[in-house]
Amino acid sequence: MLKLRILGCSGGVGRGLRTTSLLVNDSVLIDAGSGVGELTLEEMSAVKHLFITHSHLDHINFLPLLLDSMFESLIEPIIVHAQPVTIRAIKDHIFNWTIWPDFTKLPTPEKAVVKFVEMLPNDKVEIDGHEYEMIEVSHIVPAVGYRVEFEGKSFAFSGDTSSNDSFWNNLNAHDDLDVLIVETAFPEAMYDLALKARHYAPSLLVEDLKKLRHKPDIYLTHLKPGLENQIMTEVKTAAPSLSINILQSDSNFEL
Ligand SMILES: [Zn+2]
Ligand SMILES: [Zn+2]
């Protein structure tokens with residue numbers, strides 16, 4: 001079974017709002033935003049792999065804290081999969097002994113608690129029989145989404161992106177898609193900002209959804225706090241025939 005638990009899915013913070021982090025089958029994280037703070041210490045200790053979409057803070061801010069909390073109890077390093085440019089950014093700007101210690105060398109370089117493994121778009125990694133495929137998207141920094149498949153069931157997560165072809169072409173190249181989690185960071189009134197920051201606004205998303213040949217259940221994520229219902233209404237009005245919901249924090253999927 002493909003189990004997915006939404007730890008955080010907001011475009012910002014506030015009581016009850018956590019930033020992006022998805023837990024797959026109890027042992028794999030996709031992004032390490034503040035949603036990681038929903039995990040108990042025991043649940044954190046089950047995490048073996050982390051796939052990162054891009055270097056922005058709302059997607060990585062709890063990685064340094066996760067490693068710190070797990071430091072004494074980790075027997076094997078947590079394996080972090082990301083694009084080389086993303087790994088470079090995290091090493092240079094977070095694990096630089098100024099913002100946070102360099103956990104890639106602690107407690108010793110040979111037995112560090114974290115190991116970064118480079119991955120490129122279209123690469124696939126198999127974990128416990130589940131396939132994780134990295135898919136290029138189009139954001140203000142190099143960014144990817146992921147498609148996860150197990151025994152014919154699959155979901156895809158866009159990460160942060162604006163209009164693109166690569167994500168939709170990749171999904172179309174597969175036979176099926178059950179669940180699509182896609183960002184819509186801004187309402188239509190912030191269309192210009194969406195273009196500048198390379199996020200989706202409702203009309204941009206609905207235009208791109210026409211490229212998808214599958215009919216998955218669609219969940220909107222990364223919505224601007226306080227504007228969730230406005231964004232949702234705008235997307236539904238522009239695409240009334242599609243099955244679209246707001247992704248809810250602490251929700252669970254079993255595929
Ligand atoms: Zn971003
Ligand atoms: Zn983001």
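See above for the structure.
Calculation notes
Residues numbered from 1 in each chain as written. Chains lettered and ligands numbered in written order. Predicted model: local features only at pLDDT ≥ 70, side-chain atom pairs only at ≥ 80, totals over all residues. Heavy atoms only, no water. Pairing = 2+ DSSP bridges. Helix = DSSP H or I, 4+ residues; strand = E, 2+ residues; numbered from the N terminus. Axes fitted to C-alpha atoms, helices over the stretch in contact; angles between N-to-C directions. Contact = heavy atoms within 4.5 Å. Donors = N, O, S within 2.8 Å, 3.2 Å for Na, K, Ca; no water. Tetrahedral: all angles 85-135°; square planar, octahedral: opposite > 155°, others 65-115°. Parallel < 35°, antiparallel > 145°, perpendicular 65-115°, else oblique. Left-handed = near helix turned anticlockwise from the far one by under 90°.

**Brief notes about the sheet that holds strand β1 (residues 3-8)**
Consideration 1: Taken together, seven strands build an open sheet; the order of strands is β6-β5-β4-β3-β2-β1-β14 and the sheet is mixed. With one partner strand each, in any of the chains shown, β6 (114-118) and β14 (252-254) form the two edges of the open sheet. With strand direction ignored, the average angle separating the axes of adjacent strands in the sheet is 20°.
Consideration 2: Pairing of β1 with strand β2 (residues 21-24) involves four bridges; the strand directions are antiparallel. By the bridge assignment for β2, L4 is matched with V24.
Consideration 3: Across the face of the sheet, helix α3 (residues 63-70) comes into contact with β3 (28-30), β4 (49-51), β5 (78-82) and β6 while running at roughly 165° to β5.
Consideration 4: Across the sheet, helix α4 (residues 84-93) is in contact with β5 and β6; its angle to β6 comes to roughly 150°.

**Observations concerning the coordination of the zinc ion (ligand 2)**
Consideration 1: Taken together, D58 (OD), H59 (NE2), D160 (OD) and H222 (NE2) make up the protein donors of the zinc ion (ligand 2), found 2.1 to 2.2 Å from the metal.
Consideration 2: Around the zinc ion (ligand 2) sit four donor atoms, and with donor-metal-donor angles ranging over 89 to 167° the site reads as irregular.
Consideration 3: Positions of the donor residues of the zinc ion (ligand 2), expressed as sequence spacing, correspond to D-H-x100-D-x61-H.

**Some remarks on the packing of helix α7 (residues 202-209) against helix α8 (residues 228-238)**
Consideration 1: Running from amino to carboxyl end, α7 crosses α8 at an angle of 40°, the nearest separation of the two axes being 9 Å. Compared by their axis directions, α7 and α8 come out oblique. Judged by the twist between their axes, the crossing of α7 over α8 is right-handed. Residues P202, L205 and V206 of α7 form the contact with α8, whose participating residues are I231, E234, V235 and A238.

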